[in-house]
There are 2 protein chains.
Amino acid sequence: MIAIHPLFDIPEIREGDDLAALLGDSLAAAGLMPLQSGDVLVVTQKILSKAEGRMIDLTTVEPGPDAQALAETTRKDARLVELVLRESSAVVRAVPHVLITRHRLGHVMANSGIDRSNIGPGDAERALLLPLDPDGSARRLLDRLAPGGTAGIGVVISDSFGRPWRHGVVGVAIGAAGLPALVDRRGEEDRDGRRLEVTQIALADQIATAATLVTGEGAESVPAALIRGLALPDGDAGAGALVRPPEEDLFR
Amino acid sequence: MIAIHPLFDIPEIREGDDLAALLGDSLAAAGLMPLQSGDVLVVTQKILSKAEGRMIDLTTVEPGPDAQALAETTRKDARLVELVLRESSAVVRAVPHVLITRHRLGHVMANSGIDRSNIGPGDAERALLLPLDPDGSARRLLDRLAPGGTAGIGVVISDSFGRPWRHGVVGVAIGAAGLPALVDRRGEEDRDGRRLEVTQIALADQIATAATLVTGEGAESVPAALIRGLALPDGDAGAGALVRPPEEDLFR
């Protein structure tokens, strides 16, 4: 049995907050410390970004000519578009109300993952960028929260993405440590001795999505969750392993 | 806390098996009956397809000229390609080793969801198609397993899809009953009174993906799971609600 525990009583996060300490307090209050083998702590991108000071005052952003042109195409705030361009390596799609980019971390997502919703009171003119290095942040959280050795314990940094062809968002991993974000089973056989057709499993995305069942969106949101009882395969690769390089892209 | 229970001891399924009875036995053996509000039973597509007799003997399939041409392009078995075409309304992408179609149910997926892996001993020449009507099958399973009233109890039929831009598969819902497969929160506000940017949540896909943490793939696979403790929003819409119609597609 796998259990997904919502983590409560995490205060509104501000730049410089000690996120590991706050998460540790919440885990302890829930009776979940120490972490044990088969645990993965899922931390939503928003609180990590806030702790890292990734909140930008939009009134300080000067949109350049590219941003202004793209803002007209997409009918979006040119200052936001300027940030989207700074955070991305390529524009994948730009049509009215839609701006999909390849984030500098490789993830293809709307608005380079920049969020203007639910980022604190009085923040109407502010935008929250993705963390600078979510895999590294996951590693640091893991080292702090499982200092005595991390075998079979992981941390995932989650976000929500829309998808082509399907309505609605699901969770995805933009950072991971302590587990193989992508599980490669090429060469393995199924129970009838036939080679598996499905050979790569996006484990960290699956874990991020499972956590969204308790972290939710909006008013009732919970900023982190602990998943206990996972059978984690050996290996340790960050969420970068989930990114399909542009040259392999079927839908450029 | 949400619990994901793997369901064990489900025998190899054959055409005509009473899947509801077998699932009920497994649920009862695990101490999970009767179902209660907040429960969603996730059933993998494979066992539903097998019970429905969707296994096709490839030696009986006569590929037509379209299938033969497409088989050459994709370097796939022409008989398999013939089935893929029969099951689909459009070919989305065909390149060597890749054939992505829009299934007649609307889902965009590799090979129209047809599976040649892990479908029983001696099945090297057989292929397993998706169920005929997964939303209807989910409804029938729900009616059988929660006959006294189904408030807050759901059934999801799950499959695994690859995705553009990201490596690895995740779970998706191809059928659902008893819950809103898509949760529409347009018009709602976040805790700071700002309108939510993320307004549609693919709840049934999230549930299907969470279940894959125990149903897995391949040798150790478990064909069903019970998720207990969900806070299901009101509403009842099948997995068809998750399909983005072709005319809204950004990546045709």
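Residues numbered from 1 in each chain as written. Chains lettered and ligands numbered in written order. Predicted model: local features only at pLDDT ≥ 70, side-chain atom pairs only at ≥ 80, totals over all residues.

(A) View of helix H5 (residues 134-145) of chain B. Residues and elements named next belong to chain B. Its 12 residues place the ends of H5 16 Å apart at the C-alpha level, agreeing with the 16 Å of an ideal helix rising 1.5 Å per residue. Residues of H5 that are buried include every one of Pro134, Asp135, Ser137, Ala138, Leu141, Leu142 and Leu145, and no others. Buried residues of H5, seen end-on, are gathered within an arc of 160° and therefore sit on one face of the element. Along its buried surface, H5 packs onto helix H1 (19-29), strand E2 (39-44), helix H2 (45-51), strand E8 (153-163) and strand E9 (166-177). (Helix = DSSP H or I, 4+ residues; strand = E, 2+ residues; numbered from the N terminus. Expected span 1.5 Å × (residues − 1). Buried ≥ 20, exposed ≤ 12 C-beta atoms within 10 Å, placed from the backbone. Arc of directions from axis to C-beta. Contact = placed C-beta atoms within 7 Å.)

(B) The arrangement of the sheet that holds strand E4 (residues 88-95) of chain B in detail. Residue and element names in this part refer to chain B. Within the open sheet, the three strands sit side by side as E4-E5-E6. Their pairing is antiparallel. Of all the strands in the sheet, the pair left with one neighbour each is E4 and strand E6 (108-110). Within the sheet, the average angular offset between the axes of one strand and its neighbour, ignoring direction, is 25°. Sheet topology places strand E5 (residues 98-103) next to E6; three bridges connect them, and they run antiparallel. From the neighbouring strand, Arg102 faces E6, where its bridge partner is Val108. Across the sheet, helix H3 (residues 65-74) is in contact with E4 and E5; its angle to E4 comes to roughly 30°. (Pairing = 2+ DSSP bridges. Axes fitted to C-alpha atoms, helices over the stretch in contact; angles between N-to-C directions.)

(C) A look at the domain arrangement of chain A. Residue and element names in this part refer to chain A. Split by domain assignment, chain A resolves into domain 1 (1-53 + 131-243) and domain 2 (55-129). Taken together, the contact pairs 12 residues of domain 1 with 13 residues of domain 2. Looking at the side of domain 1 that touches domain 2, its residues break down into three nonpolar, five polar and four charged. (Domains from an automatic or database assignment. Nonpolar A, V, L, I, M, F, W, Y, C, P; charged D, E, K, R; others polar.)

(D) Just the pairing of E5(B), in detail. Residues and elements named next belong to chain B. In terms of burial, E5 is largely enclosed, as five of its six residues are buried. In terms of strand pairing, E4 meets E5 through six bridges, oriented antiparallel. Each bridged residue has a counterpart across the sheet, and for Val95 the counterpart in E5 is Val98. Linking E4 back to E5 in an antiparallel pair, the connection comprises two residues, with His97 at a positive phi of about 70°. The hairpin formed by E5 and E6 contains four residues between the paired strands, and Gly106 there has a positive phi angle of roughly 110°.

(E) Molecular detail of the sheet that holds strand E6 (residues 108-110) of chain A. Residue and element names in this part refer to chain A. One open sheet accounts for three strands, arranged E4-E5-E6; its pairing is antiparallel. Only two strands of the sheet have a single partner each, and these edge strands are strand E4 (88-95) and E6. Looking at each pair of strands side by side, their axes are set apart by 25° on average, direction ignored.

(F) Seen up close, the packing of H3(B) against helix H4 (residues 78-86) of chain B. Residues and elements named next belong to chain B. Between H3 and H4, whose axes approach to 8 Å, the crossing angle comes to 115°. Crossing angle aside, the handedness with which H3 passes H4 is right-handed. Taken together, the residues of H4 that come into contact with H3 (itself represented by Asp66, Ala67, Gln68, Leu70, Ala71 and Thr74) are Ala78, Val81, Glu82 and Leu85. Of the residues belonging to the contact of H3 with H4, the class tally is six nonpolar, two polar and two charged. (Left-handed = near helix turned anticlockwise from the far one by under 90°.)

(G) Representation of the environment of Pro11(B) in the model. Its place among the elements puts Pro11(B) in the loop between strand E1 (2-6) and H1. Considering only alpha carbons, one finds Pro11(B) and Pro223(B), 212 residues apart in sequence, at a separation of 9.6 Å.

(H) Up close: the packing of helix H6 (residues 203-215) of chain A against helix H6 (residues 203-215) of chain B. Where H6(A) contacts H6(B), the two axes come as close as 8 Å, and the packing angle between them is 120°. The orientation of H6(A) relative to H6(B) falls into the category oblique. Like other packed secondary-structure pairs, H6(A) and H6(B) cross with a definite hand, here left-handed. Where H6(A) approaches H6(B), its residues Gln206(A), Thr209(A), Ala210(A), Thr212(A) and Leu213(A) are matched on the opposing element by Gln206(B), Thr209(B), Ala210(B), Thr212(B) and Leu213(B). (Parallel < 35°, antiparallel > 145°, perpendicular 65-115°, else oblique.)

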